[in-house]
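Each chain, letter by letter, is given below.
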Amino acid sequence: MGLGSVMTNALSGLRVTQSGLDVVSQNISNADSAGYIRRRSNVSEQPIGDQAGFARVAGVQRMLDKVVQKQLWNETSGSGYTATKANMLGALDQVYGPPDSSSSLGSVMSKFTNAIQQMKSDPANYTLRTGVVAAGQEMAGRLRSLSGGIQDLRGQAEEAISAAVNDVNRILTQIQANDGKILDANGGQSSSPALLDERDKLLTELASYMDIRTSDNGNGSFNIFTTSGVTLFAGSNATKLSFDPAASVGADQLYNPDPALSGVGILRAETGFGGSVDLLANNSIRSGELAALVELRDKTLVTAQNQLDELAANMASALSDREVNGAAVVAGAATGFDVDTVGLLAGNQITLDYTDSTTGQAARFTFVKADSAGAVTGIATSGLSSGDNRVIGINFSLGMASVITQIQAAVGAGFTVSNPAGTTLRIVDDGAGNTRDVNALVARPTVTTTTGPQPAPPAAPITEFPFFIDTGVSGGIYAGSFEGKMQMRGLSARIDVNKDVVSNRALLVQYSSTSTIPQGDQTRPVMMYQRLTGQVRVFSTQTGVGGTSTSYRASIQDFGKRLIETQGSTIQSAASLNEGQQIALKAVEARFTEKSGVNIDQEMSSLVELQNAYSANARVISAVREMMDLLLRL
Amino acid sequence: MAMDPFVPGYGAARRTGATFLQMRAQLDDLQRQLATGKKASSFADLGVERRISLDTRSKLGTLDGWTKAIDQGDMRVRFMNQTIENLARSTADAKGDARPGAYVQSANGEVAGQILARDRLSAAIDRLNVEVGGRYLFSGRSHDVKPVETFDLIMNGDGAGRAGVKQLISERQQADAGVGDLGRLTNTVAGASVNIAREVADPPYGYTLRGVTSSTTNIGASFAAGPPASASFTVTANPNAGDKITLALNLPDGTVETIELEARATSSTGPAETGFTIGATPAATAANIGASVTAALQKETRTSLGAASAAIAARDFFNGSTTNQPLRVPGPGFTTTTAPPAAGLPGATVIWYKGDDNAAISARNTSTLQVDDAQVVATGARANEQAFRESLVGFAVFATASFTSADPNSRDRYEAVTDRVRTTLSFSTTQKPQDIAIEISTAQVAMASAKERHKITGNFLETARAGVEDANQEEVIVSLQALQTRLQASYQTTAILSRLTLTSYLS
């Protein structure tokens, strides 16, 4: 032990404090840098032999809690998901309009039924007839603009997915570059805090797009996976995501795993061997902004569109479809109905209401007329079918004998289907077996003309007419066809009031082509009012109104109300979910901040401490120097 | 939308910032509530109560629709009631004018009562043509069709083929009167017998013989029902003065007339239609009876049969509609026609009622009004309902008759005509205008009570809706103040805390 070693110690103290000051200054200057983790200079003693040694900087430590960091990524993904959803649905909320607005869907529907109610009591009144046409046009216009709004949002989602994919690719490329530097700099042994900060910052950014997890390979390199297990970064190779956005998005452009059939972009991960994985088909992205965008594009907004289409289709059909009730027949102990299938258009329905006598449950079969095998498949995959209302396509192009076979196969045991004559369909129950009771058999052919020949009294007149038309097909008749594609899909974007009715308002009253109906005749207006407000219709479960297994049965007016209510509730729950998620994120951020954030007060006290240490060490050096001087002066 | 990058060093400040933003947003929302008076600006913001909002709004809209329809219907019904009331009063007045024994000769052949009847007919036509907001109220379902033709056309036809009521009356009168005004009877004297019989062809016009009586055994009265029916008086010995024979007749309108002839002594004289002179021989007496029967039949024909014919023809005329051509006497050659009245050719007769005439729909049901969920009231009416038709028949029969001072039968014709007018306008066996008024009033009452009901329900629903949608101003102001205080306190505290850093105290 001598003055020399004291000098060395003091010098090492100076070095250590300088290094500490360096870290403090880094902390202070980077206090507001994104992703900057507070650093601390670790000082340790360097023993010399078995003697006490001088101080040295053992390393600069990043004050990071890996568990909290994982939670942070998790919550970041979550809030990326909820915020995106809440944001987009907030825009949808604006589309539906405020409750007291005269242009909101509810108000417009109310206006339309009221206009018919007014005209019903004074059908010859030109002003009231005009009121019905105007309210009908407003209704159709509102449906079109709502549908347009929804498809705009889907288009925005499509663009946002594309932008997000580009960003994800950029982040992955940067991570790859950064990872290379980390390996180069330290041979994978001890990484530079700046590079690690950069990597973590990129990972946090990535987490906002999708749910990720990482695994460290130990040599400085690491892997990134989605939580579902798709590799995004392995060793030093970044996976490239690809997305081919559709130029424009419409109601009938839906996602399909088959690229040839998909109307919207497919998100893929290139595996690096020329192959690729469809991330959507396997539901590989479960959280983050990307998951939210995909869900909006392919589920939430599609459901919203389905609801509008269902509303539009029912409004059109309610006014244009006849209800031909089957005639009761008795065959031995079996009872049932005969109904004529003549005049049914492709897409028109025959409904069979029955009771399962063993359970007492009432249910319905809906047979949809198809003219091709393709349409039968289309009906099977349309999602219109539900437990209590099985929707089955029946190919009528093969003749009545085949129709009977198809229906018999569809309804199964308990029913006997036959063709007594011509185009008549007979369905009877199992009589003595008493497992099924047939309650009604109704054919619903669409009336395609505004005025038509009338049956001789006392048969009820045919007053139905195509008040609403589908502007997307020639002739404009909406029959719910599945030939080529599902006519209902996107109908709300194409619906309009029949031009003939607009130009000749007398058609709101005049229903006969064979005789003159007095201008004040109420038959047709009463039919219109009853169909829109009184008639109970069956709405498919794909609208999300009512249950998921039981179809919603109500009047069109009620369905309209429930539709707005369902949307309101979806939007509200997205918003409140987001609120909760933001709170969770803030909580994790707070914990993270506590450990890893730069606290200026803390840094300042370190600074004071370092200043003191520095001056103490300097004092020691000065004392040694004085002592040396004293020695030399002897 | 990319998220804000996370800066660990700014975590605390970010939290504070977020809190401020949140409070600011709350402040903005409260401000909006204060300005708009609404709790929420969208159905999503309304929360679970959006169902109440939607349901009450929809129900309120429906109530509004019903109430509007009631208001419009009420105006129409008021007009209808007034019209019917006027018409009823008019028929009562006409009936009063047609009182018996009130005949006063006038130079131009028109009595005061019938001039009034003509005015009443004209007024009734105008009333039945009442129009409210471009809608004819008495036209059934044909709201755009003026239901009743003009007075002149109805009375006189168009002069170009289409006959009016006057022509129909004239034709029927001719057909009933037959040749020689004997009312389609023949009257022959053969020896001491007077034979009265229906024409051989037995046409459905004129008198129907009901029977004959004689108060003396000197004149035998016999009757054969036929057809054609016939009766005879056989003078076996001369009757004594004061003996009577009667001839009972049915008129086509169902009324009954009895001709009574009194035997008069040779010395006494009197009108032929009331008696006959006893001749020197039974054959001479029979000849006198024959002449007297002819005179009596002619007088009857020119008075009561003519009135009966007018009533029938007018009724036929007013029974006509576009789907149901009025019955016409086949002719010309009306006095000899034997075919029964048949529906005329289209275009041959004025169709006075042009409105909707579907027999399958009752007049009231031609216009129904939904006043509530399940309540539908019937408020339609047609100008050709029976009560209106009968009123017009009564007016027309009176108005078209002629009572010239030169005609000795005028007084008796007046009595015969006014008798028919009174019978028609007393509506004893037919629908009365009041019956229609009662039905319409019932609808009116139902409408008024439904409206009252809707008002009460509406108030209740409005309260429910307001409770869900409307912001309570006091509550909003209090919240606003509390929030303001909190925000100010937070700002101040944050400002103080931001100065409280070690940096400030190091020198």
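Values in this document were obtained by computation on a predicted structure and should not be read as measured data.

1. Some words on the overall build of chain B
Looking only at helices and strands, one finds twelve helices and 14 strands in chain B. In terms of overall dimensions, chain B has C-alpha extents of about 170 × 40 × 40 Å along its principal axes. Expressed as a percentage of the 507 residues in chain B, the buried residues total 41%. Across chain B, every contact between residues at least 6 apart in sequence was considered, and the portion connecting residues at least 24 apart equals 69%.

2. Quick look at the overall build of chain A
The secondary structure content of chain A amounts to twelve helices and 22 strands. Taking all 634 residues of chain A together, 45% fall into the buried category. Contacts in chain A between residues far apart in sequence, at least 24 positions, make up 67% of those at least 6 positions apart.

3. Examining the interface of chain A and chain B
Of the residues lining the interface, 54 residues belong to chain A; the matching set on chain B comes to 52 residues. At the level of secondary structure, the elements contributing two or more residues to the side of chain A that touches chain B comprise helix 2 (66–96), helix 3 (105–121), helix 5 (193–209), helix 11 (556–596) and helix 12 (600–633) of chain A. Top contributing element to the side of chain A that touches chain B by residue count: helix 11 of chain A, with 14 residues. Grouping the constituent residues of the side of chain A that touches chain B by class yields 18 nonpolar, 24 polar and twelve charged.

4. Here's the deal with the pairing of strand 3 (residues 185–190) of chain B
Residue and element names in this part refer to chain B. Two elements, strand 3 and strand 4 (residues 193–198), share six bridges in a ladder whose sense is antiparallel. The partner of T186 across the bridge, within strand 4, is A197. What sits between the antiparallel neighbours strand 3 and strand 4 is a turn of two residues, in which G191 has the positive phi angle 65 degrees.

5. Things to note about the nonpolar core
By size, the foremost hydrophobic cluster in this structure holds 140 residues, and its most contacted members are A:L92, A:I161, A:L206, A:L290, A:L293, A:A312 and A:F468. Considering each element in turn, this core owes the most residues, 19 residues, to helix 4 (residues 126–186) of chain A. Once you skip the residues sitting within four places of it in the chain, A:A312 turns out to touch A:L143, A:L491, A:S492 and A:I495. Counting residues in each nonpolar core, the second largest holds 95 residues, with B:L182, B:A263, B:F276 and B:I351 among its members.

6. Examining helix 8 (residues 386–400) of chain B
Here helix 8 of chain B is 15 residues long and its end C-alpha atoms lie 21 Å apart, about the 21 Å a rise of 1.5 Å per residue gives. With 14 of 15 residues buried, helix 8 of chain B lies mostly within the body of the structure.

7. So, unusual backbone geometry
Cis geometry is found at the peptide bond from A:P457 to A:P458, where omega equals 10 degrees. By the secondary structure assignment, A:P458 is in the loop between strand 18 (436–444) and strand 19 (468–470). The phi torsion at A:N283 lies on the positive side, around 55 degrees, for a residue other than glycine. Among the secondary structure elements, A:N283 is positioned in the loop between strand 9 (276–278) and helix 6 (288–320). When the 10 C-beta atoms within 10 Å are taken as the criterion, A:N283 is described as exposed. The phi dihedral of B:D181 falls on the positive side, at around 55 degrees, and the residue is not glycine.

8. Let's talk about helix 7 (residues 282–319) of chain B
The largest bend in helix 7 of chain B is about 45 degrees, located at B:T301. The element helix 7 of chain B is largely enclosed, with a buried count of 31 among its 38 residues.

9. Points about the environment of B:R118
Mapped onto the secondary structure, B:R118 falls in helix 4 (residues 112–128). Put simply, B:R118 and B:A399 are 281 residues apart on the chain and 5.0 Å apart in space, counted from C-alpha to C-alpha.

10. So, the environment of B:A280
As for its placement among the helices and strands, B:A280 is situated in the loop between strand 10 (275–277) and helix 7. Separated by 256 residues in sequence, B:A280 and B:R24 have C-alpha atoms that sit 133 Å apart.

11. Considering the sheet that holds strand 11 (residues 327–331) of chain A
Sheet strands pair via backbone hydrogen bonds, and the direction of the pair is either parallel or antiparallel. All names here are of chain A. Strand order in this open sheet of four strands is 11-12-17-16, and the pairing throughout is antiparallel. Sheet topology places strand 11 and strand 16 (415–418) at the edges, where each strand pairs with a single neighbour. Neighbour-to-neighbour, the strand axes of this sheet turn through a mean angle of 25 degrees, independent of strand direction. Two strands pair when backbone bridges link them, and strand 11 and strand 12 (residues 334–340) are joined in this way by five bridges, in the antiparallel orientation. Bridge pairing in strand 12 links A328 to F337.

12. A short note on the packing of helix 4 of chain B against helix 8 of chain B
All names here are of chain B. Across the interface, helix 4 lies against helix 8 with an axial gap of 8 Å and an inter-helix angle of 145 degrees. Where helix 4 crosses over helix 8, the two elements pack in a sense that is left-handed. When helix 4 is examined against helix 8, the residues G113, Q114, A117, R118, R120, L121, A124 and L128 are found in contact with a partner set consisting of F388, S391, L392, F395, A396, F398 and A399. Tallied by class, residues from the contact of helix 4 with helix 8 come to ten nonpolar, three polar and two charged.

13. Let's talk about the confidence of the model for chain B
Residues and elements named next belong to chain B. With 99% of its residues at a pLDDT of at least 70, chain B reaches an overall mean of 87. Element-level pLDDT for chain B is lowest in helix 12 (residues 502–505), with a mean of 80, against a maximum mean of 92 in helix 10 (residues 433–469). Interface confidence in the predicted complex, given as ipTM, is 0.80; pTM for the same model is 0.85.

14. Remarks on the sheet that holds strand 7 (residues 240–243) of chain A
Residues and elements named next belong to chain A. The strand order across the open sheet formed by three strands is 7-8-9, and the pairing between neighbours is antiparallel. In this open sheet, the two strands that pair with only one neighbour each are strand 7 and strand 9. Taking each pair of neighbouring strands and ignoring which way they run, the sheet shows an average axis angle of 30 degrees. Judged from the four bridges that link them, strand 7 and strand 8 (residues 267–270) form a sheet pairing that is antiparallel. Looking at the pairing, L241 lines up with A269 of strand 8.

15. Considerations on the packing of helix 3 (residues 50–97) of chain B against helix 8 of chain B
Residues and elements named next belong to chain B. Closest axis-to-axis distance for the helix 3/helix 8 pair is 10 Å, and the angle between their directions is 35 degrees. You can see that helix 3 and helix 8 cross each other, and the crossing is left-handed. Facing helix 3, whose interface residues are L87, T91 and A94, helix 8 presents S391, G394, F395 and F398. Of the residues assigned to the contact of helix 3 with helix 8, the class counts are four nonpolar, three polar and no charged.

16. Details of the pairing of strand 17 (residues 424–429) of chain A
Residues and elements named next belong to chain A. The buried fraction of strand 17 is high, at five of six residues. Where strand 16 lies against strand 17, four bridges are found, and the strand directions are antiparallel. Counterpart to S418 in the pairing with strand 17 is R426. The hairpin turn running from strand 16 into strand 17, its antiparallel successor, is five residues long, and G422 in that turn takes a positive phi close to 50 degrees.

The rules behind each value
Note on numbering: residues in each chain are counted from 1, in written sequence order. Just so you know, chain letters begin at A and ligand numbers begin at 1, following the order they were written in. Restriction of local features to residues with pLDDT of at least 70 applies here, the model being predicted, together with a cutoff of 80 or more for giving and counting side-chain atom pairs; totals for whole chains, interfaces and linings are based on all residues. Numbering goes from the N terminus for both helices and strands, where a helix is a DSSP run of H or I of at least four residues and a strand is a run of E of at least two. Put simply, a residue is buried when 20 or more other C-beta atoms lie within 10 Å of its own C-beta and exposed when 12 or fewer do; between those, it is partly exposed, and each C-beta is set from the backbone. Here the contact rule is simple: place C-beta atoms from the backbone, and any two residues whose C-beta atoms are within 7 Å are in contact. Side-chain classes follow a simple rule in which Ala, Val, Leu, Ile, Met, Phe, Trp, Tyr, Cys and Pro form the nonpolar group, Asp, Glu, Lys and Arg form the charged group, and the remainder, Gly included, forms the polar group. Between any two strands, at least two bridges found by DSSP are needed for them to pair. Throughout this description, the term nonpolar core refers to a group of buried Ala, Val, Leu, Ile, Met, Phe, Trp, Tyr and Cys residues whose C-beta atoms join them within 7 Å. To estimate the expected span of a helix, subtract one from its residue number and multiply by 1.5 Å. A residue's bend is given by the angle between axes fitted to the 7 residues ending at it and the 7 residues starting at it. Axis definition: a line fitted to C-alpha atoms, limited for helices to the stretch in contact. Angles are taken between N-to-C directions and run from 0 to 180 degrees. Helix crossings are classified by the rotation of the near helix relative to the far one: an anticlockwise turn of less than a right angle makes the crossing left-handed, while a clockwise turn makes it right-handed. Confidence scores here are pLDDT values: one per residue, from the predictor, ranging 0 to 100.

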